[in-house]
Amino acid sequence: MSAVADTHAQDHHHGPASGISRWLLTTNHKDIGTMYLIFSFTMFLLGGTMAMVIRAELFQPGLQIVQPEFFNQMTTMHGLIMVFGAVMPAFVGLANWMIPLMIGAPDMALPRMNNWSFWLLPCAFLILVSTLFMEGGAPNFGWTFYAPLSTTYGPPSTTFFIFAIHIMGVSSIMGAINVIATVLNMRAPGMTLMKMPMFVWTWLITAFLLIAVMPVLAGVVTMMLMDINFGTSFFNAAGGGDPVLFQHVFWFFGHPEVYIMILPAFGAISHIIPAFSRKRLFGYASMVYAVGAIALLSFLVWAHHMFTVGVPVAGQLFFMYATLLIAVPTGVKVFNWVATMFRGSLTFEAPMLFAIAFVILFSIGGFSGLMLAIAPADFQYHDTYFVVAHFHYVLVPGAIFGIFASAYFWLPKWTGHMYDETLAKTHFWLSFIGMNLAFFPMHFLGLAGMPRRIPDYALQFADFNMVSSVGAFMFGSTQLLFLLIVVKCARGGEKAPANPWDGAEGLSGKYPHRRPTTPFPLPQK
Amino acid sequence: MRVHAQRAGALLGGLSFPALSFADWTVNMTPGVTGTSNDIFDLHMTIFWICVAIGVVVFGIMFWSIFAHRKSQGAKPANFHENTLVEVLWTLIPLVILVIMAIPATATLVDMYDTTESDIDIKVTGYQWKWQYEYINEDFGYFSNLTTPADQISNRQTKGENYLLEVDNPMVIPVGKKVRFLLTANDVIHSWWVPDFGVKKDAIPGFINEAWTRVDVPGTYRGQCTELCGKNHGFMPVVVKAVPEEEYNTWVADQKAAAEKERELTEKDWTMEELMARGEKAYALNCAACHQADGSGAPPAFPALKGGAIATGEMAAHIDIVVNGKSGTAMQAFGGQLNEADLAAIITYERNAWGNKVGDMVTPKEIFDYKNQQ
Amino acid sequence: MAEQPAHKPAPPRSNARVIRWCLAGVVGMFAFGFALVPLYDVFCDITGINGKTSGRYESTEASAVDMNRTVKVQFLAQNGPDMPWVFRPVLRSVEVHPGEATTVNFYAENPTDRDMVGQAVPSLSPSEGTLYFHKTECFCFNQQPLAAGQNTKMPLVFIVDQDLPSHITKLTLSYTLYDQGEPQVALTNTTIIDNG
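So, how was this worked out
- Residues numbered from 1 in each chain as written.
- Chains lettered and ligands numbered in written order.
- Predicted model: local features only at pLDDT ≥ 70, side-chain atom pairs only at ≥ 80, totals over all residues.
- Helix = DSSP H or I, 4+ residues; strand = E, 2+ residues; numbered from the N terminus.
- Rg over C-alpha atoms; globule rule 2.2 N^0.38 Å.
- Buried ≥ 20, exposed ≤ 12 C-beta atoms within 10 Å, placed from the backbone.
- Contact = placed C-beta atoms within 7 Å.
- Core = buried A, V, L, I, M, F, W, Y, C linked by C-beta atoms within 7 Å.
- Nonpolar A, V, L, I, M, F, W, Y, C, P; charged D, E, K, R; others polar.
- Pairing = 2+ DSSP bridges.
- Axes fitted to C-alpha atoms, helices over the stretch in contact; angles between N-to-C directions.
- Parallel < 35°, antiparallel > 145°, perpendicular 65-115°, else oblique.
- Left-handed = near helix turned anticlockwise from the far one by under 90°.
- Domains from an automatic or database assignment.
- pLDDT = per-residue confidence, 0-100.
- Expected span 1.5 Å × (residues − 1).

Student: Hey, could you run me through the overall build of chain A in this one?
Tutor: Looking only at helices and strands, one finds 16 helices and zero strands in chain A. Relative to its length of 525 residues, chain A is compact, with a C-alpha radius of gyration of 23 Å against a globular reference of 24 Å. By its C-alpha atoms, chain A is 65 × 50 × 45 Å across when sized along the principal axes. Within chain A, buried positions represent 69% of all 525 residues. Summarising the internal contacts of chain A: among those between residues at least 6 apart in sequence, 82% fall at separations of at least 24.

Student: I would appreciate a short explanation of the overall build of chain C in the present structure.
Tutor: The number of helices and strands found in chain C is one helix and nine strands. In chain C, the succession of helices and strands from N to C terminus is α-β-β-β-β-β-β-β-β-β. Residue burial in chain C is summarised as follows: out of 196 residues, 36% are buried. Partitioning the intrachain contacts of chain C with sequence separation of at least 6 by distance along the chain shows that 76% fall at a separation of at least 24.

Student: I'm lost on the nonpolar core in this one. Help?
Tutor: Most often, soluble globular proteins keep nonpolar side chains buried together rather than apart. Formed by 311 residues in total, the largest nonpolar core has its most connected members in F354(A) and A405(A). The element that contributes the greatest number of residues to this core is helix α4 (residues 68-103) of chain A, accounting for 22 residues. Not counting chain neighbours up to four residues away, the residues in contact with A405(A) comprise A268(A), I269(A), I272(A), P351(A), F354(A), A355(A) and F358(A). Membership of the second largest hydrophobic core comes to 19 residues, among which are W270(B), L275(B), V323(B) and A333(B).

Student: Got a minute to help me understand the interface of chain B and chain A in this structure?
Tutor: Interface extent is often summarised as the accessible area lost during association of the parts. Counting from both sides, the interface comprises 89 residues of chain B and, opposite them, 84 residues of chain A. Those elements that place two or more of their residues in the side of chain B that touches chain A are α1 (2-15), α2 (35-68), α3 (84-112), β7 (199-203) and β9 (219-224) of chain B. Considered class by class, the residues forming the side of chain B that touches chain A number 50 nonpolar, 25 polar and 14 charged.

Student: Hey, could you run me through the sheet that holds strand β6 (residues 133-138) of chain C in this one?
Tutor: To summarise the sheet geometry, strands pair through backbone hydrogen bonds and adopt either a parallel or an antiparallel arrangement. Residue and element names in this part refer to chain C. The strand order β2-β4-β8-β6 describes an open sheet built from four strands, whose pairing is antiparallel. Across the chains shown, the open sheet's two edge strands, defined by having one partner strand only, are β2 (86-89) and β6. Taken pair by pair, the neighbouring strands of this sheet meet at an average axis angle of 25°, ignoring direction. Pairing geometry for strand β4 (residues 101-109) and strand β8 (residues 151-160), over nine bridges, is antiparallel. Paired with N105 across the two strands is P155, which belongs to β8.

Student: Looking at this structure, I do not really get the pairing of strand β1 (residues 71-79) of chain C. What am I missing?
Tutor: All names here are of chain C. Among the nine residues in β1, seven count as buried, and that is most of the element. Bridging between β1 and strand β3 (residues 93-96) involves four bridges; their strand directions are antiparallel. For Q74, the partnering residue across the bridge sits in β3 and is S93. Bridge count between β1 and strand β9 (residues 170-179): eight bridges; the pairing is parallel. Counterpart to V73 in the pairing with β9 is L171.

Student: Please clarify how the packing of helix α3 (residues 29-57) of chain A against helix α5 (residues 111-130) of chain A should be interpreted in this entry.
Tutor: Helix-helix packing is described using two parameters, namely the angle between the two axes and the distance between the axes. Residue and element names in this part refer to chain A. Where α3 contacts α5, the two axes come as close as 10 Å, and the packing angle between them is 15°. Comparing their axes, α5 and α3 come out roughly parallel. The chirality of how α3 crosses α5 is left-handed. Two secondary-structure elements touch here, α3 through H29, I32, M35, Y36, F39 and M43 and α5 through P111, N114, N115, F118, L121, P122 and F125. Here the contact of α3 with α5 is built from residues that sort into ten nonpolar, three polar and no charged.

Student: Can you help me understand the packing of helix α7 (residues 198-229) of chain A against helix α10 (residues 284-297) of chain A in this one?
Tutor: All names here are of chain A. Relative orientation of the contacting elements α7 and α10 amounts to 15°, with a least axis distance of 10 Å. The orientation of α7 relative to α10 falls into the category roughly parallel. At the point where α7 passes α10, the crossing takes the right-handed sense. Residues M198, W201, T202, I205 and L209 of α7 form the contact with α10, whose participating residues are M287, V288, V291, G292 and A295. Among the residues making up the contact of α7 with α10, the classes are represented as eight nonpolar, two polar and no charged.

Student: I tried to follow the sheet that holds β9(B) on my own but got confused; where do I start?
Tutor: Residue and element names in this part refer to chain B. Taken in spatial order, the three strands make up an open sheet running β4-β10-β9, and their pairing is mixed. Looking at the sheet topology across the chains shown, the edges are occupied by β4 (171-174) and β9. Taken pair by pair, the neighbouring strands of this sheet meet at an average axis angle of 25°, ignoring direction. Bridge analysis of β4 against strand β10 (residues 237-243) gives four bridges, and the strand direction is parallel. Considered in β10, the bridge of I173 is made with A242. Here helix α5 (residues 245-267) sits on the sheet and contacts β4 and β10; the angle it forms with β4, its principal contact strand, is near 135°.

Student: Would you mind going over the domain arrangement of chain C with me for this structure?
Tutor: Domain parsing of chain C yields domain 1 (12-47) and domain 2 (71-179). Centre-to-centre, using C-alpha coordinates, domain 1 of chain C lies 38 Å away from domain 2 of chain C.

Student: Even after reading the chapter, I still don't get the interface of chain A and chain C, so can you show me in this structure?
Tutor: With 37 residues of chain A at the contact, the number on the chain C side is 32 residues. Secondary structure elements with two or more residues in the side of chain A that touches chain C: α5, α6 (158-185), α7 and α8 (243-260) of chain A. Considering every element that reaches the side of chain A that touches chain C, the biggest residue donor is α7(A), with seven residues. Classifying every residue of the side of chain A that touches chain C by side-chain character gives 27 nonpolar, seven polar and three charged.

Student: Any chance you could explain unusual backbone geometry here in plain terms?
Tutor: Phi is mostly negative for residues that are not glycine, and the peptide bonds are mostly trans. Between A147(A) and the following residue, P148(A), the backbone shows a cis peptide bond with an omega angle of 0°. Positionally, P148(A) belongs in the loop between α5 and α6. Put simply, Q128(B) and W129(B) share a cis peptide bond, and its omega is 0°. Secondary-structure assignment places W129(B) in the loop between β1 (120-127) and β2 (130-135). The phi dihedral of Q292(B) falls on the positive side, at around 70°, and the residue is not glycine. Here Q292(B) shows up in the loop between α7 (288-291) and α8 (315-324). Residue classification places Q292(B) among the partly exposed positions, given that 17 C-beta atoms sit within 10 Å.

Student: I keep staring at the confidence of the model for chain A and nothing clicks. Help me out?
Tutor: Residue and element names in this part refer to chain A. The pLDDT averaged across chain A works out to 90; a share of 92% of its residues lies at or above 70. With pLDDT under 50 throughout, residues 1-13 is counted as low confidence; its partners more than four residues away or in other chains account for 25 contacts. When the criterion is pLDDT under 50, residues 509-525 qualifies, and its contacts beyond four places in sequence or with other chains add up to 32 contacts.

Student: Is there a simple way to think about α6(A) in this case?
Tutor: Because an α-helix packs 3.6 residues into every turn, residues spaced three or four apart end up facing the same way. The first and last C-alpha atoms of α6(A) sit 40 Å apart over 28 residues, in line with the 40 Å expected at 1.5 Å per residue. Across the 28 residues of α6(A), 21 count as buried, placing the element largely inside the fold.

Student: Teacher, can you tell me more about the environment of F141(C) here?
Tutor: Residues and elements named next belong to chain C. Summarising the element assignment, F141 is placed in the loop between β6 and β7 (144-146). F141 sits in the exposed class, given 12 other C-beta atoms within 10 Å. Along the backbone, F141 and L156 are 15 residues apart, and their C-alpha atoms lie at a distance of 10.0 Å.

Student: How do you make sense of the environment of N229(A) when you look at a structure like this?
Tutor: In this fold, N229(A) is placed in helix α7. With 70 residues separating them in the primary sequence, N229(A) and T159(A) have C-alpha atoms 8.5 Å apart.

Student: In this structure, what is going on with the confidence of the model for chain C? I would like to understand it.
Tutor: In low-pLDDT segments, the atomic positions of the prediction should not be examined closely. All names here are of chain C. Residues at a pLDDT of 70 or more form 81% of chain C, whose mean pLDDT is 81. Segment residues 1-10: pLDDT under 50, and 16 contacts once partners within four positions in sequence are set aside and those in other chains are kept. The model gives residues 189-196 a pLDDT under 50, and that stretch makes ten contacts with residues more than four places away or in other chains. Interface confidence in the predicted complex, given as ipTM, is 0.88; pTM for the same model is 0.87.

Student: Honestly, α3(A) in this entry has me stumped. Any pointers?
Tutor: With 29 residues, α3(A) extends 42 Å between its outermost C-alpha atoms, agreeing within 8% with the 42 Å of an ideal straight helix rising 1.5 Å per residue. Judged by how many residues are buried, α3(A) sits mostly within the fold: 21 of 29 residues are covered.

Student: Even after reading the chapter, I still don't get the environment of L343(B), so can you show me in this structure?
Tutor: Considering the arrangement of structural elements, one finds L343(B) in helix α9 (residues 340-352). If near-sequence neighbours (up to four positions away) are discounted, L343(B) is found in contact with V322(B), V323(B), F334(B), L338(B) and I367(B).

Shown next as structure tokens:
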């Protein structure tokens, strides 16, 4: 994508600086969006490499490649990097690129803060990744870092982990404030809220979720920090604290967090399916209300992650019912997408393939979520590979496929070139097969009784683990193809027409591509 | 999916390892052996088939669109984009389906919280990385450790049938009786799970949780710790033997006699050879997980004992660290976990194995006195 | 650049105002995260969900004893990590009538050669019963100092409320004893009972 930077730098007399300082100091929403996306993909490959280590160790029973200590560091870092380093920044990148274009704004509302919120991220992840090389190793307590394993029994690097989380949190919050300010203040005349594109809507709601829960995450890691370094006892039973309190506060953040990772994908998919169905999105208003309902309900369901800690019956029933209720708005969204496709005029370019896979596979993840919501059954599923299968089905074909679909959909807009459709379709099919091969057998493993986060397993789990590892290697290596496709597309290729997808709607299709600076004329100084 | 997986697996399995002949292709939860686990299984299947039915309808319509409404087939897009009736219907119908799901789920949940009087109470305490079972009405208890040899884990030996799911002292319960588990933990949160019972409950330090079961079929049931609890989380299995009541009563009597015998062991005069032999076994069970079978440890968290300052230094300091642990580290106080004979044997073994040649020994009696005279 | 001169009429809201509101939200939610700690305690006191029994019970009126009903109260004791004390209930369980005050003792012994302080943390199961279990006197209200080699019997006086739901027939009270380090002042032997 660096071609964007190089070619057009001189076209504008108030254009950006050249060289490295262009990227360090840029306040252009497109440059920052590009940097977010590149950063996200880098983290995706890093987190993916860790997943490969995990799957390689689990290829056969017995300990072959890594020791249990390091295995735990890998599972922890894989989770943290994928959630905070790959998925969230990718959506911020898409927001930076597309929200101003979609609402007809010249840039984000707070461009300098935008620059700052990006550059905090590499700092945070430099700190997080450096813990791997510290005495005692990286965090090894899972991405959920339950106390007291992460406090009293955590490695010395835990303090650095907390610091990294704080910086990421600040970055996310600034990004969210920027989105809110942009959407509320900078819409083109005539664009009322209920006329906003779905991606803008979902991001606006996501931004509010971020503002609501990232401070809670900051709070919980601050309490950990105090427990570890300043002798408080928030989570330490010996001093009158309660380890279960940690889980309540963490999941108060954690459940909305999973919607933060999926709502923007809902938005993007709501553009792509209509575009390739050549038909307007079905039920726009109900889509908006459904996203709002999902966001509100996400604050009332956190304890469904904690059914086994000893929540009393009344509590379990409340959280079970609230969780089941989320299926209603989510169902509405899926039905609307299917209704959009119904009696359309469908073509199946790469973005559409990813979008269709998104709807089907995300629904499968939703179904297993429904099963997990049933409290008594959750006693059997909890902390087994069934849960691992569930959240990978929601996040890989959900968030990650949503990002791929968006990338292919908007690459012509970003680079001015069409991507290589054949390679992109190959990327899709290899990812699709690899992903299902990797994660579908995990359902069986969980139901057969394999706990999650174990480096070695009993022999009856051997076969499906091997299948799963093969699928994971396939999915992992396929992602290098995506890198090739994007680089190829950025460096040249068939020129993209002003509106590359004939069914696409919205402001972003109405002006030419490849303008490194603002698409709308600024008033003369 | 299953067929494909079977073919792929058969191919791979055939190519590789003999150990895989134990493996199977179980794709579903097992109904288990208790009322609760059967209820959960039924619930699981009900929800599963409801999901399948919804999936067939929704994906059916979707695939039909994909098939029939392709541009390449000359499909012209229709123009509708909302329909209030349809939208209200597909909000309400799922709501009804959810209520249908919630009713049996609620009933099962209430059953699981039955608080009627139990026949046997067993206290289950999670430690890094073993379980302690205490029969609180019978005044005896013991630790349950993984017995899979390190050589099997590191692939130097063929893996046994119950690889990673075998322990030295399983929990023993009588069939047909209501057994109540009181769960807590010593260090971090653990979770005690036996899939066949449908019992999974977190063991939380400082807090007590309870769960219960009534097993109808005698047998040996295996599970694992299901809450990440550190390095050896994958190596703390749960094994429960359900036996007929008479057998259970005999077993309880034996346990009480064994506790008595243990006290005698303490009094007995031990030779160096006896201590070393007992020490090697006890070390493998209690110490090797961290300090390794060859005493090399895993520094810095788990120091080497081979040539180590403690194991080759003052006897008193060595006894102190084994009995009382070292606070702020993973080294636990084993004084309360092991009997005097094992403590003496382990300490003697550590001082005289792997090329450590201190040459001295400590007897169970001395450990007993040490514990009581500190 | 913080405020973009608009190519359209003045924006409905200024960026500064949006930022102010968002920051207020952030600060508020951060505070809320911490407020969850006391809120959780209050919530637990009201509902008893985590099994943590509350502090000293001040009875306002002498309660009637329900002689027709007995409840079994079972006692458990365990040590926290690295706590070398001997710690056990003197009685494994007692049968009580709801409403009557009962005294039981826990035995503790410090076998080490240093003065130590312990703190017992109570927990009750089933947690539903927490609201109906009142302690009028408990060693867990205070830290317990114990000199090297000494032992003690620590009293607990409790009342089971008559309103205890009828389906609960057994309450299990568990104490976990944690090492709190060295005592602040030198210990005297006045509170210590001799062996036996």
